[in-house]
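Fold and contact review
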Amino acid sequence: MAAVLRVISTTTIQAPSHNNGDSTRKIDLTPWDLQFLPLDPIQKGLLFHLPPDTSNHIIHHLKHSLSSTLSFFPPLTGRLIITEHEDNTASSFIACNNKGALFVHATAENTTVADILQPNYVPPIVHSFFPLNGVRNYEGTSQPLLAVQVTELVDGIFIGCTMNHVVVDGKSFWLFFNSWAEISRGCLKVSKITAFDRWFMHEIDRPIRFPFTMEAQKQHFESLNPPPERIFHFTKEKIVQLKSKANAEANTDKISSLQALLTHLWRSVIRCKRLDPQEEVHYMLVIGVRPRIVPPLPEDYFGNVALVGGVTMKAGELLEGGLGKGAWEMNKMIASNSDEKVRKHYESWVRNPRLLMLGNLTGGNSLATSSSPRFNVYGNDFGWGKPVAVRSGGASKRNGKITVFAGAEEGSIDIEVCLPYEILDALGNDNEFMDAISN
């Protein structure tokens, strides 16, 4: 029987008005925020086993706890304000006006937890577990900046969150998710008090002007069918082996576990594509820069603090140089993002604003990685136990998109890979790649 999703209700959830002292607050946006305006929001969600006959109570409880949590996160109940100026530029800020977040209650009556976990490929129905599909970040002027969908399965529940990427990055996304789980478990306040003030360099005028018109964005809209997705699981022991091998080959001790793991994936994909050795291949990474600024930004800074960096090599160089060569190039690129470089990039963006386009990051011979295994995913206990899996929605899915999550066991990592079926099949049959995989 085909998997079918049915929406039961939609509700607007506001923060309790007596707690919402920031109801008229305006938050100006930085280059790190504004660059995401044309892109899709962040969509991540958690899968839980659920005791029978508890769903009605849980839906009511989640709505109430979401409202309570939103009192600590005024931007997420607000809307974007985009002002278009006569010179074809625009400026934007978040209005913390408590217009509310969207809460969707849905059911997938013939889908089980096993139907999500067991297949090699992520089932298409997973994308329908997320709200606001097809909405771009700039539409946050009229669409909610946060939307939640709770989908009942036969024997479980899926909580999917869609958050506007102009308002949050991955770290902020999971900070909110963690806080909601805390309140749902019975905590009266969140354990991490969030810093909402954005970081601006002293000499920069606010709000920042950038070239933008709504009409042009609508004309550039492209609706593509998401590529197939497959999730590969790496245990802590296998990751330690890859890290040790990469550092030994590069004669260093600086290559991280994630750099070694992503290089292992990169080399395997290029090997499966059978490219000409002289062809250039690219690996793009979203690099968090909170700790790279001097003095460092607080860990609970709520907003985007990331740059996109890339490594380019010849296919033959990547494959023949061993794991260490590619991992060392990746390490050097990431390490080069010093305080001085971050500030120069920031200033350069203000002088010459450049909005990101997804096609520039993925496709062709490029892979692009987002998210991080450091985010607290499996600690999100809402009161009925920890999640059994994390999944992402259809937002920003293109060939070459790689999403990294912490695995369920400590130290393990799951990598979600979006590529054509023939490449994903070839990866699954590639002995060198699969030797590091745990099924």
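Since the model is a prediction, treat every value here as computed from it, not as a measurement. (Residues numbered from 1 in each chain as written. Predicted model: local features only at pLDDT ≥ 70, side-chain atom pairs only at ≥ 80, totals over all residues. Heavy atoms only, no water.)

**Here's the deal with the pattern of salt bridges**
To keep it simple, the criterion reads: A side-chain nitrogen of Lys or Arg and a carboxyl oxygen of Asp or Glu constitute a salt bridge if their distance falls within 4 Å. Secondary structure elements follow DSSP: runs of H or I of four or more residues count as helices, runs of E of two or more count as strands, with numbering from the N terminus. Exposure is judged per residue with a 1.4 Å probe applied to protein chains only, and the accessible area is read against the type maximum: over 50% gives exposed, under 20% gives buried, and values in between give partly exposed.
Counted under the stated rule, the structure contains 18 salt bridges. The salt bridge partner of E109 is R6, with a shortest N-O separation of 2.5 Å. Pair noted here: E109 is in the loop between β6 (101-107) and α3 (113-117) and R6 is in strand β1 (residues 6-13), with a separation of 103 residues, a long-range link. The salt bridge partner of E229 is K397, with a shortest N-O separation of 3.0 Å. Of this pair, E229 sits in strand β10 (residues 229-234) while K397 sits in the loop between β14 (389-392) and β15 (401-406); the two residues are 168 residues apart in sequence, bridging distant segments of the chain. Given a relative accessible area of 2%, K397 falls into the buried group. The network of salt bridges with common partners includes R267, R271, D430 and E432.

**Let's talk about helix α4 (residues 170-185)**
The following threshold applies: Here, expected helix span is obtained from the residue count minus one, scaled by 1.5 Å.
For α4, which comprises 16 residues, the first-to-last C-alpha distance of 23 Å matches the rise-based estimate of 22 Å (1.5 Å per residue) to within 8%. Burial of α4 is extensive: 13 of the 16 residues sit out of reach of the surface. A positive phi of about 120° marks G186, the residue just after α4.

**Some words on the packing of helix α6 (residues 236-250) against helix α7 (residues 257-273)**
Condition: Interaxial angle, 0 to 180 degrees, is taken between N-to-C directions of lines fitted to C-alpha atoms, where a helix line uses only the stretch in contact. These descriptions rest on fixed angle ranges, namely under 35 degrees for roughly parallel, over 145 for roughly antiparallel, 65 to 115 for roughly perpendicular, and the rest for oblique. By definition, residues are in contact when any of their heavy atoms lie within 4.5 Å. For this classification, Asp, Glu, Lys and Arg are treated as charged, while Ala, Val, Leu, Ile, Met, Phe, Trp, Tyr, Cys and Pro are nonpolar and the rest, including Gly, are polar.
Contact geometry for α6 and α7: axes closest at 8 Å, N-to-C directions at 90°. The orientation of α6 relative to α7 falls into the category roughly perpendicular. Packed against α6, whose contacting residues are I239, L242, K243 and A246, the element α7 presents S257, A260, L261 and H264 at the interface. Looking at the contact of α6 with α7 residue by residue, the classes come out as 5 nonpolar, 2 polar and 1 charged.

**As for the sheet that holds strand β16 (residues 413-418)**
The condition that has to hold: When DSSP locates at least two bridges between a pair of strands, those strands are taken to pair.
Sheet architecture is open: 6 strands sit in the order β10-β16-β15-β13-β11-β12, paired in mixed fashion. Strands at the two margins of the open sheet, each flanked by one partner only, are β10 and β12 (306-314). With direction set aside, neighbouring strand axes in the sheet form an average angle of 20°. Of the strand pairs in this sheet, strand β11 (residues 280-288) and strand β13 (residues 366-370) are connected by 4 bridges, and their pairing is parallel. Across the sheet, L285 pairs through a bridge with T369, a residue of β13. Against the sheet, helix α11 (residues 421-428) contacts β10 and β16, and its axis sits at roughly 20° relative to β10.

**A short note on the sheet that holds β6**
An order of β1-β6-β7-β8-β3-β14 is seen for the 6 strands of this open sheet, with the pairing classed as mixed. Looking at which strands have only one partner, the edges of the open sheet turn out to be β1 and β14. Here the strands of the sheet are splayed against their neighbours by 20° on average, with no regard to which way each runs. Taken together, the 6 bridges between β6 and strand β7 (residues 146-152) define a ladder with parallel strand orientation. Counterpart to T107 in the pairing with β7 is E152.

**Some words on the packing of helix α2 (residues 55-70) against α4**
What describes two packed helices is the angle between their axes and the distance between those same axes. Selection criterion: Each crossing gets its hand from how the near helix is turned against the far one by less than a right angle, where anticlockwise is left-handed and clockwise is right-handed.
Direction vectors running N to C along α2 and α4 enclose 120°, while the axes themselves pass 9 Å from each other. On the basis of the axis angle, α2 is oblique to α4. Handedness of the crossing formed by α2 with α4: right-handed. Of the residues in α4, those in contact with H61, L62, S65, L66, S68, T69 and L70 of α2 are F176, S179, W180, I183 and S184. For the contact of α2 with α4, the residue count by class is 6 nonpolar, 6 polar and no charged.

**Some thoughts on the layout of surface pockets**
Let me state the cut-off plainly: Every definition here rests on a 1 Å grid over the protein atoms only: cavities are sets of points where a 1.4 Å probe fits but cannot get out, pockets are open sets enclosed by protein on both sides within 12 Å along at least five of seven lines, and lining residues have some atom within 4 Å of a point. Grid points are joined across faces, edges and corners, and a volume is the space filled by probe spheres set on the points.
Volume-wise, the second largest pocket comes out at about 470 Å³. Taken together, 24 residues line the second largest pocket, and the ones lying closest to its centre are L117, I231, H233, R391 and D414. Elements that contribute at least two residues to the lining of the second largest pocket include exactly α3, β10 and β14. It is β10 that contributes the most residues to the lining of the second largest pocket, 4 residues altogether. Residues that form the lining of the second largest pocket fall into these classes: 14 nonpolar, 6 polar and 4 charged.

Read these as geometric descriptors, not functional statements.
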